[in-house]
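Structural description and commentary
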Amino acid sequence: MLDESQRELLVAGASRLGVALADSAVARFSTYLGLLQRWGKKINLTTRLETSDVILHHFLDSLAGVPLIEACPAARIVDLGAGAGLPSLPLKFALPELRVLLVESVRKKVAFCQEAIRATGLAGIEAVWGRGEDLGARADHHRAYDWAVSRALGSSGDVARLALPFLAPGGRILLYKGEPGSEELQALDSFCTEKGGAWELRKVAVPHLEAARSLIIVSFP
């Protein structure tokens, strides 16, 4: 559970990112934190389990994408390589009308995400086991999403290639990155040129984090 100082760290940090968290969202973050810490001692969810680390490196970092997505609050989102539910669960807490699919190939992590969804009382969200390459070709997922999001799954070009089959016309990809190197960006640029897309990189100042953080937005007509 979040104590008062931890709650303030989360709420004030979110505010600095342009995200106003409702009390219901904060309560869900608190429940999610407890689950992350309990399950994280048993399975490999994250190397960061201290409360302040989780808030800064995972919760606030994930919330950095909210200002981009909130213009379409009922958007359909697929989270590729969802892991412990990052960034999609924080996004859903902040924007509860989002319709979200979490895709993860490790069954234990899927089980964790399903428990987090149940415990936080979320609707309009599902965690499934599978490979993105397979799910993106299925009729119920192919070209069905407004956004594909991913955090720490792989290089930008590879993730963009994986995500493209999921995107509806005009859909976009949101990649959470540190400071991608020139080779990675060149590969992404080549992919976008091949597929008729475009990309931009936005540096993000996550409160209290010194490490470089950025968001890459890839768009297609």
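Residues numbered from 1 in each chain as written. Predicted model: local features only at pLDDT ≥ 70, side-chain atom pairs only at ≥ 80, totals over all residues. Heavy atoms only, no water.

If you tally the helices and strands in the chain, you get nine helices and seven strands. Here the chain has a C-alpha radius of gyration of 16 Å; the compact-globule value for 221 residues is 17 Å, and the two agree. Structurally, the chain occupies a C-alpha span of about 50 × 35 × 30 Å along its principal axes. Considering only contacts within the chain whose residues lie at least 6 apart along the sequence, 69% involve residues at least 24 apart. Carbon together with sulfur atoms contributes 49% to the accessible area of the chain, which is approximately 10200 Å² in total. Each charge sign in the chain was given a centre, from 25 positive and 25 negative side chains, and these centres are 5 Å apart. (Helix = DSSP H or I, 4+ residues; strand = E, 2+ residues; numbered from the N terminus. Rg over C-alpha atoms; globule rule 2.2 N^0.38 Å. Contact = heavy atoms within 4.5 Å. Areas by Shrake-Rupley, 256 points an atom, 1.4 Å probe, with all protein chains shown as cover. Lys, Arg positive; Asp, Glu negative; His and termini not counted. Charge placed at Lys NZ, Arg CZ, Asp CG, Glu CD.)

Moving on to the packing of helix α2 (residues 23-40) against helix α6 (residues 107-120). At a closest axis distance of 10 Å, the pairing of α2 and α6 adopts a crossing angle of 150°. For the element pair α2 / α6, the angle class is roughly antiparallel. In this structure, α2 meets α6 at a crossing whose hand is right-handed. Every residue of α6 that contacts α2 at Arg 28, Thr 31, Tyr 32, Leu 35, Leu 36 and Trp 39 is listed here: Lys 108, Ala 111, Phe 112, Glu 115, Ala 116, Ala 119 and Thr 120. Here the residues of the contact of α2 with α6 sort into eight nonpolar, two polar and three charged. (Axes fitted to C-alpha atoms, helices over the stretch in contact; angles between N-to-C directions. Parallel < 35°, antiparallel > 145°, perpendicular 65-115°, else oblique. Left-handed = near helix turned anticlockwise from the far one by under 90°. Nonpolar A, V, L, I, M, F, W, Y, C, P; charged D, E, K, R; others polar.)

Our focus in this paragraph is α6. Over its 14 residues, α6 runs 20 Å from end to end, which matches the ideal 20 Å to within 8%, given 1.5 Å per residue. Within α6, the full set of buried residues consists of Val 110, Phe 112, Cys 113, Ala 116, Ile 117 and Thr 120. What you see down the axis of α6 is that its buried residues fit within an arc of 160°, all on one side. Opposite its buried face, α6 presents the exposed residues Arg 107, Lys 108 and Arg 118, each directed more than 90 degrees away. Buried residues along α6 sit in contact with α2, α5 (88-94), β2 (99-104) and β3 (125-129). (Expected span 1.5 Å × (residues − 1). Buried < 20%, exposed > 50% of the residue type's maximum accessible area, 1.4 Å probe, protein only. Arc of directions from axis to C-beta.)

Closest axis-to-axis distance for the α2/helix α3 (residues 51-63) pair is 11 Å, and the angle between their directions is 120°. Looking at the two axes, α2 sits oblique to α3. Here α2 and α3 pass one another in a crossing that is right-handed. Where α2 approaches α3, its residues Phe 29, Tyr 32, Leu 33, Leu 36 and Gln 37 are matched on the opposing element by Thr 51, Val 54, Phe 59 and Leu 63.

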